[in-house]
Amino acid sequence: MVNNETEKPRLRGWLAMSLGLVAIVLGGVWTLQGLDVLPYSAMSGQTVWAVAGGGLIMAGLLLIAVGMRRRSSAQKPDR
């Protein structure tokens, strides 16, 4: 049953969720640097990085939601 074409792939949505997780972590680092919580960087203390980090966190959350939706739609049987 390796080449069963009626079976849907089980790994749908993993790429979007993985990229979303990376975006959340990177956005968190940018936000902390922009707020000068993580010092000793060229980005420390500059509010533009805090805003960009917040936006990247929101994009990451959106990517995770899209990935979870794709996973749930792949698990539903067709009728």
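Residues numbered from 1 in each chain as written. Predicted model: local features only at pLDDT ≥ 70, side-chain atom pairs only at ≥ 80, totals over all residues. Heavy atoms only, no water.

Glancing now at helix α1 (residues 14–34). Taking 1.5 Å of rise per residue, the 21 residues of α1 would be expected to cover 30 Å, and the 30 Å separating its terminal C-alpha atoms lies within 8% of that figure. Looking at α1, one finds that the buried residues are A16, G20, A23, G27, T31, Q33 and G34. Looking straight down α1, one finds that the buried residues subtend no more than 150° of arc, so they occupy a single side. Those residues of α1 that are exposed and aimed more than 90 degrees away from the buried face are L21, V22 and V25. Remark: D36 follows α1 within two positions and exhibits a positive phi of approximately 65°. (Helix = DSSP H or I, 4+ residues; strand = E, 2+ residues; numbered from the N terminus. Expected span 1.5 Å × (residues − 1). Buried < 20%, exposed > 50% of the residue type's maximum accessible area, 1.4 Å probe, protein only. Arc of directions from axis to C-beta.)

Another aspect to go through is the UniProt feature "transmembrane region" (unreviewed entry) in the protein chain. Listed under "transmembrane region" (unreviewed entry) in the UniProt record, and renumbered for this structure, are residues 12–35 and 47–66. The straight-line gap between the two end C-alpha atoms of residues 12–35 is 36 Å; of that span, 88% is helix and 0% is strand. Helix makes up 100% of residues 47–66 and strand 0%. Its end C-alpha atoms lie 29 Å apart. (UniProt positions renumbered as here; feature names shortened; annotations may be inferred.)

Below, the discussion takes up the environment of Q33. With respect to the secondary-structure elements, Q33 resides in helix α1. According to the relative accessible area criterion, Q33 is buried, its value standing at 13%. Spatially, the C-alpha atom of Q33 lies 7.8 Å from that of Q46, the residues being 13 residues apart in sequence. The residues contacting Q33, other than those within four sequence positions of it, are L38, S41, M43, S44 and G45. (Contact = heavy atoms within 4.5 Å.)

A separate point is the packing of aromatic side chains. Scanning the entire structure with this criterion turns up one aromatic pair. Ring plane angle 70° and centroid distance 5.3 Å describe the contact between W30 and W49, whose orientation is recorded as edge-to-face. Of the two residues, W30 is situated in helix α1 and W49 in helix α2 (residues 47–75); the sequence distance between them amounts to 19 residues. (Phe/Tyr/Trp six-rings, centres within 6.5 Å; stacked < 30°, edge-to-face > 60°.)

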